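Single-letter residue listing:
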Amino acid sequence: MHQKKTERVDLDPQETSEWLQALDQVVEEAGPDRASFLLERLAQRARNVGVELPIQHNTPYINTIPPEDEVPYPGDRALERRIKSLTRWNAMAMVSRQNKFDHGIGGHIATYASIATLFEVGFNHFFHASYGQEPGDCVYFQGHASPGVYARAFLEGRLTAERLANFRHELRDHPGLSSYPHPWLMPDFWKFPTVSMGIAPINAIYQARFMRYLENRGLIAKTPRKVWAFLGDGEMDEPESMGSLTLASREKLDNLIFVINCNLQRLDGPVRGNGKIIQELEAAFLGAGWNVIKVVWGTDWDGLLARDKSGLLIKRMEECVDGEYQSFKAKGGAYIRKEFFGKYPETLKLVEHLSDEQVGKLRRGGHDPQKVFNAYRCAVEHKGQPTLILAKTVKGYGVAEIEARNPTHQQKELNDRSVQLFRQRFDVQLPEDVANNVEFYRPPDGSPEMSYLHERRRQLGGYMPERKVAPSQIQAPPLENFADLMDGSKAPHPSTTMAFVRLLTTLMKNPQIGKRVVPIIPDEARTFGMESLFRQFGIYASGGQLYKPHDADMFLYYKEQQDGQVLEEGITEAGSMASFTAAGTAYSNYQVEMIPFFIYYSMFGFQRVGDLIWAFADARGKGFLMGGTAGRTTLAGEGLQHQDGHSLVLASTVPTCAAYDPAYAYEIAVIVQDGIRRMYQEQEDRFYYLTLYNENYPMPHMPEGVADGILKGIYKFKAAEKGKATLQLFGSGPILNEAVRAQQILAERYGIAADVWSVTSYNELRREALRTERWNRLHPGEAPRRPYVVSALGAAQGPIVAATDYMKVVPDQVSPWLPGRMVTLGTDGFGRSENREYLRRHFEVNAESIVTAALSRLARDGKFDAAKATKAFEELGVKTEGIDPAMA
Ligand SMILES: Cc1ncc(C[n+]2csc(CCOP(=O)(O)OP(=O)(O)O)c2C)c(N)n1
Ligand SMILES: [Mg+2]
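The rules behind the values
Residues numbered from 1 in each chain as written. Chains lettered and ligands numbered in written order. Predicted model: local features only at pLDDT ≥ 70, side-chain atom pairs only at ≥ 80, totals over all residues. Heavy atoms only, no water. Pairing = 2+ DSSP bridges. Helix = DSSP H or I, 4+ residues; strand = E, 2+ residues; numbered from the N terminus. Axes fitted to C-alpha atoms, helices over the stretch in contact; angles between N-to-C directions. 1 Å grid on protein atoms, 1.4 Å probe; cavity = no way out; pocket = protein on both sides within 12 Å on 5 of 7 lines; lining within 4 Å. Points joined across faces, edges and corners; volume = space filled by probe spheres on them. Nonpolar A, V, L, I, M, F, W, Y, C, P; charged D, E, K, R; others polar. Disulfide = S-S within 2.5 Å. Parallel < 35°, antiparallel > 145°, perpendicular 65-115°, else oblique. Left-handed = near helix turned anticlockwise from the far one by under 90°. Contact = heavy atoms within 4.5 Å. Phe/Tyr/Trp six-rings, centres within 6.5 Å; stacked < 30°, edge-to-face > 60°. Buried < 20%, exposed > 50% of the residue type's maximum accessible area, 1.4 Å probe, protein only. Lys NZ or Arg CZ within 6 Å of the ring centre and 35° of its normal. Core = buried A, V, L, I, M, F, W, Y, C linked by side-chain atoms within 4.5 Å.

### Overview of the sheet that holds strand E19 (residues 800-803)
Overall, mixed pairing links the 5 strands, which are arranged E16-E18-E17-E19-E20 in an open sheet. Taken across any chain shown, the strands that pair with only one partner, and hence form the sheet edges, are strand E16 (714-718) and strand E20 (822-825). Taken over all neighbouring pairs, the strand axes of this sheet differ in orientation by 25° on average, direction set aside. Two strands pair when backbone bridges link them, and E16 and strand E18 (residues 754-759) are joined in this way by 4 bridges, in the antiparallel orientation. When the sheet's bridge partners are listed, Ile714 is paired in E18 with Val759.

### Notes on the layout of surface pockets
Within this model, the largest pocket holds a volume of roughly 1,300 Å³. Surrounding the largest pocket, 25 residues form its lining, Arg8, Trp19, Leu39, Leu53 and Pro54 being those nearest its centre. Those elements that provide at least two residues to the lining of the largest pocket are helix H1 (13-30) and helix H2 (32-48). Class assignment for the residues of the lining of the largest pocket results in 16 nonpolar, 3 polar and 6 charged.

### Concerning the state of the cysteines
Per the counting criterion, the structure on display carries 0 disulfides. Summary of cysteine pairing: Cys320 is not part of a disulfide, and the nearest cysteine sulfur, belonging to Cys262, is at 17 Å. Cys378 takes part in no disulfide bond, and the closest cysteine sulfur, belonging to Cys262, lies 18 Å away.

### Concerning the packing of helix H3 (residues 77-101) against helix H4 (residues 110-125)
Where H3 meets H4, the closest approach of the two axes is 10 Å, and the angle between their N-to-C directions is 135°. Relative to H4, the element H3 lies oblique. In this structure, the crossing between H3 and H4 has a hand that is right-handed. Where H3 abuts H4, its residues Glu80, Ile83, Lys84, Thr87, Arg88 and Ala91 lie against Tyr112, Ala113, Ala116, Thr117, Glu120, Asn124 and His125. Tallied by class, the residues present in the contact of H3 with H4 amount to 5 nonpolar, 4 polar and 4 charged.

### Things to note about the packing of aromatic side chains
The description of an aromatic ring pair rests on the distance of the ring centres and on the angle between the ring planes. The full count for this structure, using the stated rule, is 57 aromatic pairs. Geometrically, the ring pair formed by Tyr150 and Trp190 is edge-to-face, given 5.5 Å between the ring centres and 70° between the ring planes. A residue pair is termed long-range when its members are at least 10 positions apart, and Tyr150 in helix H5 (residues 146-155) and Trp190 in the loop between helix H6 (161-165) and helix H7 (199-216) qualify at 40 residues. Judged by its relative accessible area of 0%, Tyr150 is buried. The side chain of Arg97 reaches across the aromatic face of Phe440, ending 5.1 Å from its centre. The ring of Tyr838 has Arg841 sitting right over it, with the charged end atom 4.9 Å from the ring centre.

### Some thoughts on the side chain of Thr87
Within the secondary structure, Thr87 sits in helix H3. What makes Thr87 buried here is its relative accessible area of 0%.

### As for the pairing of strand E7 (residues 387-392)
A large share of E7 lies buried, amounting to 6 of its 6 residues. Residues Thr387, Ile389 and Ala391 point to one face of E7 and Leu388, Leu390 and Lys392 to the other, with burial holding for every one of them. With 5 bridges joining them, strand E6 (residues 291-295) and E7 adopt parallel strand pairing. When the sheet's bridge partners are listed, Ile293 is paired in E7 with Ile389.

### Topic: the environment of Gly323
Mapped onto the elements, Gly323 comes out in helix H13 (residues 322-331). On the accessibility criterion, Gly323 (23% relative accessible area) is partly exposed. Taking the C-alpha atoms as reference, Gly323 lies 13 Å from Ile278; in sequence the two are 45 residues apart. Aside from chain neighbours lying at most four places away, what touches Gly323 is Arg272 and Gly273.

### Remarks on the nonpolar core
In terms of nonpolar packing, the biggest core is built from 196 residues, with Phe258, Trp290, Phe597 and Phe730 touching the most fellow members. In this structure, Leu177, Ala379, Leu414 and Phe422 belong to the second largest nonpolar core, which totals 73 residues.

Below, the structure is given as structure tokens:
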């Protein structure tokens, strides 16, 4: 039995000391590399003879880069400090002033106070706005540190004082500044929405991966470009933050640098009061295969560590938990001397030459430009792995009274005394009146600090952040290109999913735009019949295919290649969405327009990764989300967790998302073709969501003159065969076929003529109607305009029965403009494992339910005999006393 580590006692201190001395001697005489080699050999031998080795995923709680490996700081520290102090001042002034003026408007002081050095070293030495003619680095700025980014842009002369004064006032006559990084609100400035915690880390990982994809496919030039992601330590608790770490190491993304601002606090209190967040994250990232650089202590500590021969200083550093580290900063020098150094006489002695004030000011690594610079330098030079920098900082750094206090995150306003202390602390050089009135300040042009600042940015290729849009490079192929979708199907008939795969293949073969198409699939290609893409276009694999696939002798084998086009993501909708985001915003980040199609189980889209989709919209992303195996009754067998009856409802909440529920192949062709035209040719900031189903049925030939209706959301698909219709039937997706069957039953068995309409998008119909209604409301003196849904129906008579494989609220979206006419049938409630016939009967969306709903309604209107209507339920097998599926 091995002894547990905690129970181990030193049985022979003499022997221990000899081993340690031997090691010291090797280090001294042959250097650390030799020592490391010997230890490795020893470990190997130990394992071979059955000695249990402790798994070590932590290094000591000190800086990863020893002082002797540092290079001197290349910049002018004094000038950089003045620039940083002014940025701190303007950021603080911006938030504080605005909250005095407009109480409760919000903003954050403490976060930027902690991250300022981490940003400034980057701005002065690392963040490239461009590499020659090529676009530069992608920098994800920690969202609620935005005041500091604005303050710097103000110093650079890119934002006016008026603009700063209008922080969080975006709806006035003058332009304001958005609270957080939102490309939607500041399209010339912000590139990456980051403030929803967890979005930046996952998007940054996939951004770095997509950069490689574009390089490997020859679509962009290879440059030393990096992805920098500045993240909060609290933020790392989000599952999205750490969920894709191994992708980054597997893909050897040495173009990716995470900088985690470890200020030890989140909103309410300590991130890990009882532990150490830096050590926890180090272990996790090391385990995931990252290069980890810890920046724990500032230069002031180097001397103390060097003088500490007892080893007790490191021991003390290791044994304190973050809750204590927070208190040290909150309570100041005397407290630190007593509680930290005072634990051992040896450590207390180390600081006897320092005053309490000096002890209080012993800096943490993330506030020391020398340490930060060296960490960034090593990160940028590191090859073969992504790098994580763990920078220890103080939340609310330098802001008296709130430094390291639990409520610091929420602090919005500073009193006069705090403002003056802040000024002294950072030695902010300002004219007196500017200081007293807490005004914004930019030194005159030509002053040393302004010249320095501009020169640094010139060296780094321009200012950041800045968002630019490439001129349109894409022409949508004409509809005729998709003839096989337009001309109707022959047996065996396809599903809309199969029709889409044909369309995608056609698009990918298009000589002009084919190479820009990015199919993204989270391990679902076979479900959607897309495996043929693997062989035809290759699966992207940065290292190529290192094995012979077992199916190599088959036509459609599993082909991985370095310039493969398909992103086979594995089972991660969040990761796939992050790829979709990188691809759908490449037109601004790389000046290359890409057309992503993300094909997934519709149930696991909006509901699972809705926040990532929202951020995609904010980022003005373009592309097609394709919700496969859609429809609560069309996806047979799979049951409650898979059957989607509400993604269209969720899609309707995203302003730039045009959502469609097509029934037939030609509808898909029309929507996708026009989508490419609008998004790329016309450069509209919108994207598409299309449902795709797996039911096979005949695809009709596209009728004349319906394209406009398909795009706007409704067209008449099949007029009543005999007589003038006194009833209208709306259908969408495969349920349109049920409406057609209902039309037939109504005519043959009940003598009622009905028209059938294909409703491709209630969402779009509603939006258009709302726009029209708004115009009418705002122009009471002018002739009212008619919403499209009303004019499309024209003189069509009678009530409307709308049936959908989605919730009733989807068709109900248009009922305000069709007052009193709509009867809606939909799939509210939990799904079931069943076949389509039973599912549609259960949810009351089959043809029989449509017929009985129509008769019931006509009877209530006095247009049909009530007794006959009642009997029809029995005749057609529609239960009247069963349980309501909405709650079943
Ligand atoms: C998904 C999500 N949940 C909650 C919030 C609200 N929120 C904003 S900042 C914050 C605390 C952030 O702590 P940390 O990441 O440590 O950043 P710090 O300000 O300490 O640098 C929270 C909870 C959010 N923005 N996003
Ligand atoms: Mg924090």
